[in-house]
Every structure is written in structure tokens, then in C-alpha cells.
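An overview of the molecular structure
Spelled out from the first residue to the last, the chains are:
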Amino acid sequence: ILYQATAEAVVSTQSTGDWLSLCIRVINDRSPLLVDIFTRACRSSLQHMIGTFLRMELTETKKTLIRTDVDALINFSHLVNVNDNKAVDELELSLLQATEGTKKKESDMSTTALSKVYQLTGFSDPVYAEAYINVNQYDIVLDVLIVNQTPDTLQNLTLELATLGDLKLVDKASPITLAGNDFCNSKVQVKVASTETGIIFGNIVYDITGVSGDRSCVVLNDIHIDIMDYIVPSHCSDSEFRKMWAEFEWENKVAIQTNLVDMSTYLSHLLTCTNMACLTPDQALHGDCGFLAANLYAKSVFGEDALANVSVEQDAESRVLTGHIRIRAKSQGMALSLGDKITICQKKEQDA
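Let me sum up the structure you'll find in this document.

Another aspect to go through is the sheet that holds strand S7 (residues 183–192). Across a sheet, paired strands are connected by hydrogen bonds in the backbone, their directions being either parallel or antiparallel. Strand order in the open sheet made by the five strands is S1-S2-S3-S7-S5, with antiparallel pairing throughout. The open sheet has two edge strands with one neighbour each: strand S1 (117–119) and strand S5 (167–169). Between one strand axis and the next, the sheet turns through 30° on average, direction left out of account. Here nine bridges tie strand S3 (residues 139–148) to S7, and the two strands are oriented antiparallel to one another. From the neighbouring strand, valine 147 faces S7, where its bridge partner is phenylalanine 183.

Here is the structure:
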């Protein structure tokens, strides 16, 4: 009665009322079991929780603490060998890379540059085209290689592109004349407005010298823009996560389908695929109880927040992982794009 009478004056929730009722019941009954739970077990749990947070803060402080000895060497940026295996100051190295660039090895070129090359036409088409995609935050530059595989001269050859989603073409390619068995490069710039999955499609039209009639056309393969180029791992407090989880209205639920049998390994694989950060402390993920729950968070370069809750359960006999991944975002495109990315990663992992 007292709680109900003061409910209007004090902002309370249903859980607060249940907790007050439980405390009054314990004081009234004075059961040995409940008294032991309240006086000893709850205090022990609170001490363990506070100790865990203090250790986490101490670990973070040690990571950020920079100590410099009196006899420490001074690294001069102009004299540092970037390929040297010795320890190099990260600030000086980043300044060196920003001013002088980074020399990439041949293996780096095969794993990074070639992975962003998209084949737009077939090898048997009269005009072969492939595009190299260079992503720079809000801009996408398509460097399209066009090869004339016929002995005829192609006039008014035009690369016609269109976009689907929050993509906008900044400029259009100018018509060119391409001699027989010749090639050229054409660059097109695209603006990106959000992390919604975007598609670039189009065709190549041209006229053949000495041949009258309709213009020839070669349809190009679609280019799907990867959402991972615009998502970066980020961190927030538990209260901020719960607040955003309650506010965001778009939710996408993805079922877990994997061949992995270790829950920690699956969580690491999921973090790599989605480029998200795990907010759940490592101490809460340790142990072997057959169940794992974790909160993930990421932020896009456009300021959009993405939340995810992973609930994994492992069967005791077959050791098969089951469960769901719930994704919440303020925009529908963000939630659907992350769900599609997780589905594709799971399918690739199963086919591997």
C-alpha cells in the first residue's frame, strides 16, 4: 500500500515493486535460507562483480599508460626503416606513412587490390570490361577497363551506369572511339549516402564503323557495394546499449547455421564477418555451460548505430550450435544489410 501510494511521487518500475515486496517478505519471515542469501551470497556476488570491473579498468589503464625510460632511444622519422622488424613508435610510423606512403609487397597487391576487381562482361563478348572499386569513405571510384576484342573500330562507345539504393552518380563517362583490339580506362565517381546495400548496373553501347543500323549493346554484371567498407567497430556503455535497443524499431532475426562446434570460435568468426565489437566482457564469456550470449555494437561512417544480440546454444550430444542473431538499427537498410552479410558469411563457411 505504501509503495502504491508513493508510486506517483517517485518514478518506479514493476521490478522495483517486486524487489520491495521481496525485501519486506524476507524481513517478515526471517527464513535462514533467505537470510543467508541476502547477507552472504548477495554480498559475495557484489564483491565479485565490483572486482571484475576494477580489473577491467586497471587493464585498460595499463594499455593506455605510456612509460618512457630516461635512456630510451629517440626515433627520427626520416631515418626509420619501415620494413625493419624492430619496435617502432606507432605515432612516428603513422606520420611517416601519411607523408611518404607505404610500400606494399606483391602479396599484398594480390590479396587486396585483386579482390576488388569485378568482371563486368564475359570473355566472349565483343567488348570486355572489368572494374576496380576504390572506396574512400563517402566516395566510390570505379576504374573501368574496356577492351575492344574485335578488329572493327567502335565509335561513340559509352559506358552507361545506373544505381539502386542510396548511391548517386557524380559524373558520366564521355563517349570514346576505340580502335580494333585496343583498350582504354574510364573512371566514374559515385557518392554514398548511407550504409544501405547499393547496386550499380548498366551497359556499354557503341556503333561499328561502316555498319548501319541500331547501336550495339553489351549488358554489364551488377556490382554490389559491400557494407563492411562503411562499418567500424565501436563501444558504448550498457545503459546506452539498452536505451538504443529499446528505441530502434527495425529488427532482423537471423538463424545460426554453422559447422563450427566451439561457441567462442563462432563468436570470433561473427565479429570478423560483421566488423562489430563485442561489448560483453571476456570474463562473462568464459566457461563451458552450453550457452553463450553476447552484445555487439558497430557504427557507420555516416553516424548510424547497429546493435546485435547473439544467443548460441550447443547440443550436449551432437555439439551442434543453434540459436539466433537479433540485429536492431534505426534504418531498415542497415538491419537488412547486416543480416544479409551474416547469411552470406555463414553460407561461405558451410561450403568451405
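What follows picks up the thread again.
We now examine unusual backbone geometry. A positive phi angle is found at asparagine 156, which is not glycine, with a value near 50°. On the secondary structure map, asparagine 156 appears in strand S4 (residues 154–164). Judged by relative accessible area, which is 40%, asparagine 156 ranks as partly exposed. Not every positive phi belongs to a glycine, and asparagine 275 is a case in point at roughly 60°. Within the element layout of this structure, asparagine 275 appears in the loop between helix H7 (263–274) and strand S13 (277–278). On the basis of relative accessibility, which here comes to 25%, the residue asparagine 275 falls in the partly exposed class.

Further remarks concern a nonpolar patch on the surface. Side chains of Leu46, Met49, Ile50, Phe53 and Leu54 sit close together on the surface and give an oily, nonpolar patch of about 470 Å² of accessible area. As for its placement among the helices and strands, phenylalanine 53 is situated in helix H3 (residues 32–64).

Okay, the side chain of threonine 258 next. Position of threonine 258 relative to the elements: it lies in the loop between strand S12 (250–255) and H7. We classify threonine 258 as buried; its relative accessible area is 9%. One polar contact links the side chain of threonine 258 to the main-chain amide nitrogen of leucine 260, over a distance of 3.0 Å. Among the polar contacts made by the side chain of threonine 258, one reaches the side chain of glutamate 349 at a distance of 2.9 Å. Non-local contacts of threonine 258, meaning those with residues more than four positions away in its chain, are made with Tyr266, Leu321, Glu349 and Gln350.

Turning our eyes to something else, we now look at the nonpolar core. Generally speaking, soluble globular proteins have nonpolar side chains that are buried together. Of all hydrophobic cores here, the largest spans 28 residues; its most connected members are Ile140, Val144, Ile146, Leu157, Leu159, Ile200 and Ile204. Elements with a minimum of two residues in this core: strand S2 (127–136), S3, S4, S7 and strand S8 (199–208). Residues in contact with valine 144, not counting those within four places in the same chain, are Leu120, Ala129, Glu130, Ala131, Leu159, Cys184, Asn185 and Ser186. Among the nonpolar cores identified, the runner-up in size contains 27 residues, and Ile227, Met276, Val310 and Ile327 belong to it.

What follows covers the side chain of aspartate 305. For aspartate 305, the location among the structural elements is in strand S15 (residues 305–314). Assessed through its relative accessible area of 17%, aspartate 305 is described here as buried. Among the polar contacts made by the side chain of aspartate 305, one reaches the side chain of tyrosine 297 at a distance of 2.5 Å. Not counting chain neighbours up to four residues away, the residues in contact with aspartate 305 comprise Met244, Phe248, Tyr297, Ala298, Lys299, Arg328, Ala329, Lys330 and Met334.

Turning to helix H6 (residues 238–247), a few remarks are in order. Within the sequence span of H6, burial applies to Phe241, Met244 and Trp245. Buried residues in H6, looked at end-on, bunch into an arc of 105°, giving them a common side. For H6, exposure combined with an orientation more than 90 degrees from the buried face picks out Arg242, Lys243, Ala246 and Glu247. At its buried positions, H6 is contacted by strand S14 (291–300), S15 and strand S16 (321–329).

A separate point is the pairing of S8. As paired strands, S4 and S8 are joined by nine bridges and run antiparallel to one another. Along S8, the bridge assignment pairs threonine 158 with valine 205. Taken together, the two bridges between S8 and strand S10 (residues 223–224) define a ladder with antiparallel strand orientation. Of the residues in S10, the one forming a bridge with isoleucine 199 is histidine 224. In terms of strand pairing, S8 meets strand S9 (residues 216–219) through four bridges, oriented antiparallel. Opposite tyrosine 206, over in S9, you have serine 216 as the bridge partner.

Conventions adopted
- Residues numbered from 1 in each chain as written.
- Predicted model: local features only at pLDDT ≥ 70, side-chain atom pairs only at ≥ 80, totals over all residues.
- Heavy atoms only, no water.
- Pairing = 2+ DSSP bridges.
- Helix = DSSP H or I, 4+ residues; strand = E, 2+ residues; numbered from the N terminus.
- Axes fitted to C-alpha atoms, helices over the stretch in contact; angles between N-to-C directions.
- Buried < 20%, exposed > 50% of the residue type's maximum accessible area, 1.4 Å probe, protein only.
- Patch = residues over 30% accessible without salt bridge, like charges linked within 9 Å, V, L, I, M, F, W, Y side chains within 5 Å.
- Areas by Shrake-Rupley, 256 points an atom, 1.4 Å probe, with all protein chains shown as cover.
- Salt bridge = Lys/Arg side-chain N within 4 Å of Asp/Glu carboxyl O.
- Polar contact = N/O pair within 3.5 Å; in protein donor to acceptor, adjacent residues only side chain to side chain.
- Contact = heavy atoms within 4.5 Å.
- Core = buried A, V, L, I, M, F, W, Y, C linked by side-chain atoms within 4.5 Å.
- Arc of directions from axis to C-beta.

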